[in-house]
Amino acid sequence: MRTLIIEDNKDAAERLQRMIEGHEKLSPGGIAFSLDDGIAALKKEKPDLVFLDIELPDNRFGFELMSEKDLPPFIPVCVSAHPSYAATAYKNALPFFLEKPIDRDDFEKTIEHVFRKKEEEEVLRRYITLAMQEQSLRNSERLRIEIAIKGGQRELIKLKDIICIEADGNYTNVKSTEKEFKTVTKSLGQFEQDFARLPFMFRCHRGFIINLFNVKGYNISEMSIRFENHAVYLGAVYKDEFLRLMQDLFFDI
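Rules of the game
Residues numbered from 1 in each chain as written. Predicted model: local features only at pLDDT ≥ 70, side-chain atom pairs only at ≥ 80, totals over all residues. Heavy atoms only, no water. Pairing = 2+ DSSP bridges. Helix = DSSP H or I, 4+ residues; strand = E, 2+ residues; numbered from the N terminus. Axes fitted to C-alpha atoms, helices over the stretch in contact; angles between N-to-C directions. Phe/Tyr/Trp six-rings, centres within 6.5 Å; stacked < 30°, edge-to-face > 60°. Buried < 20%, exposed > 50% of the residue type's maximum accessible area, 1.4 Å probe, protein only. Lys NZ or Arg CZ within 6 Å of the ring centre and 35° of its normal. Contact = heavy atoms within 4.5 Å. Core = buried A, V, L, I, M, F, W, Y, C linked by side-chain atoms within 4.5 Å. Patch = residues over 30% accessible without salt bridge, like charges linked within 9 Å, V, L, I, M, F, W, Y side chains within 5 Å. Areas by Shrake-Rupley, 256 points an atom, 1.4 Å probe, with all protein chains shown as cover. Salt bridge = Lys/Arg side-chain N within 4 Å of Asp/Glu carboxyl O. Lys, Arg positive; Asp, Glu negative; His and termini not counted. Charge placed at Lys NZ, Arg CZ, Asp CG, Glu CD.

## Quick notes on the sheet that holds strand β16 (residues 224–226)
Part 1 of the argument: Pairing in this open sheet of three strands is antiparallel, and the strands run β15-β16-β17 from one edge to the other. Pairing within the sheet leaves two strands with one partner each, and these edge strands are β15 (217–219) and β17 (231–233). Sheet twist, expressed as the average angle between the axes of neighbouring strands with direction ignored, equals 20°.
Part 2 of the argument: As defined by bridge partners, β16 adjoins β17 across three bridges and the pair is classed as antiparallel. Note that in β17 the partner of Ser 224 across the bridge is Tyr 233.

Here is the structure:
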């Protein structure tokens, strides 16, 4: 987690920077000695964590940073020699506060709380993403797509029943839980465009689009994705996005 310090006292800033350097989960960034310099550094460096002194030069207060517009997201840790500011911070939904001179144990505990909060927010984000994906899947229960099979026949398939779509030259083969439709007169690229708003219909390889909700397992060392009675390749360029989506869709137990 990259940091930024906004602190007008040089000695206090350097002491804090040494604590950051000694923490395995933190990466020291810049030090700004005024609020304006801090705002500029925040926009340029885009740190994850900002240690924010409350009383700053020119009668400025660190709390003012929270009302600035167009700032990248960050987690603030308020810092002050006056413990009375802690109550003001809490009232302004700023839960992290360090009293100067900063005690190392207090610093370690605060950082631990920061990471715990970040993890809780990540779980919440994943729950929200999962809820949105589940809504998409419920919609897909009603949603059918029409496919034109080579030879003039046309079929309607429920989107939720699709397992994978495999490229076959300028055509495709569609495999569903019910049956396999050979030589559909639509390219894989055209299907990818059709599914642009449905993240669970994922292109995992230059030759395959899969339905993530029908995945039964995967083996990253073999770069393969397994379904009930079928397996497909996972392309190297798609691996990171595949793993991210699987984390969003399904929780480890």
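## A few points about the packing of aromatic side chains
Part 1 of the argument: Summed over the entire model, instances satisfying the criterion amount to seven aromatic pairs.
Part 2 of the argument: Between the aromatic rings of Phe 63 and Tyr 85, the centroid separation amounts to 6.2 Å while the plane-to-plane angle is 70°, which identifies the pairing as edge-to-face. Separated by 22 residues along the polypeptide, Phe 63 in the loop between β5 (60–61) and β6 (75–80) and Tyr 85 in helix α3 (residues 85–91) bring together distant segments of the chain. The same class applies to Phe 63 as to Tyr 85, namely buried.
Part 3 of the argument: What links up through ring pairs into an aromatic cluster is the set Phe 202, Tyr 218, Tyr 238 and Phe 242.
Part 4 of the argument: In this arrangement the basic side chain of Lys 186 is found over the ring face of Phe 191, its NZ or CZ atom lying 5.1 Å from the centre.

## Side note on the sheet that holds strand β7 (residues 97–99)
Part 1 of the argument: What the five strands build is an open sheet, ordered β2-β1-β3-β6-β7; its pairing is parallel. Of all strands in the sheet, those bounded by a partner on one side alone are β2 (31–32) and β7.
Part 2 of the argument: The sheet contact formed by β6 and β7 spans three bridges and is parallel. Residue Cys 78 lies in a different strand from β7, and its bridge partner there is Phe 97.
Part 3 of the argument: Sheet strands touched by helix α2 (residues 35–45): β1 (3–6), β2 and β3 (49–53). Its angle to β1, the strand with the most contacts, is close to 170°.

## Topic: the nonpolar core
Part 1 of the argument: Core analysis: the largest hydrophobic core is formed by 33 residues, its most contacted members being Phe 191, Phe 195, Ile 210, Leu 212 and Ile 225.
Part 2 of the argument: Among the elements of the structure, β8 (144–148), β10 (162–168), β12 (180–184), α5 (188–194), β13 (201–205), β14 (208–211) and α6 (239–249) are those that each provide at least two residues to this core.
Part 3 of the argument: Among all residues touching Ile 225, those that are not within four sequence positions of it are Cys 204, Ile 210, Val 215, Gly 217, Tyr 218, His 230, Ala 231, Val 232, Leu 234 and Phe 242.
Part 4 of the argument: Ile 5, Ile 20, Leu 49 and Leu 98 belong to the second-largest nonpolar core, a separate cluster that totals 19 residues.

## Quick look at a negative patch on the surface
Part 1 of the argument: Taken together, the side chains of Glu 99, Asp 103, Asp 105, Asp 106 and Glu 108 define an acidic patch exposed on the protein surface.
Part 2 of the argument: Sorting elements by how many residues they give to the negative patch places helix α4 (residues 104–142) first, with three residues.
Part 3 of the argument: Relative to the assigned elements, Asp 106 resides in helix α4.

## A word on unusual backbone geometry
Part 1 of the argument: With omega at -10°, the peptide bond leading from Lys 100 into Pro 101 counts as cis.
Part 2 of the argument: Positive phi values are uncommon outside glycine, yet Asn 59 reaches one of about 55°.
Part 3 of the argument: Structurally, the position occupied by Asn 59 is in the loop between β4 (55–56) and β5.
Part 4 of the argument: For Asn 59, a relative accessible area of 74% gives the class exposed.

## Observations regarding the pattern of salt bridges
Part 1 of the argument: A complete count under the given rule lists 12 salt bridges for this structure.
Part 2 of the argument: Between Glu 64 and Arg 60 there is a salt bridge whose closest N-O contact spans 2.8 Å.
Part 3 of the argument: According to the relative accessible area criterion, Glu 64 is partly exposed, its value standing at 28%.
Part 4 of the argument: Assessed through its relative accessible area of 23%, Arg 60 is described here as partly exposed.
Part 5 of the argument: The partner of Glu 146 in a salt bridge is Arg 154, and the shortest N-O contact between them spans 3.1 Å.
Part 6 of the argument: Connected through salt bridges with shared partners, the residues Glu 7, Asp 53 and Lys 100 form a single ionic network.

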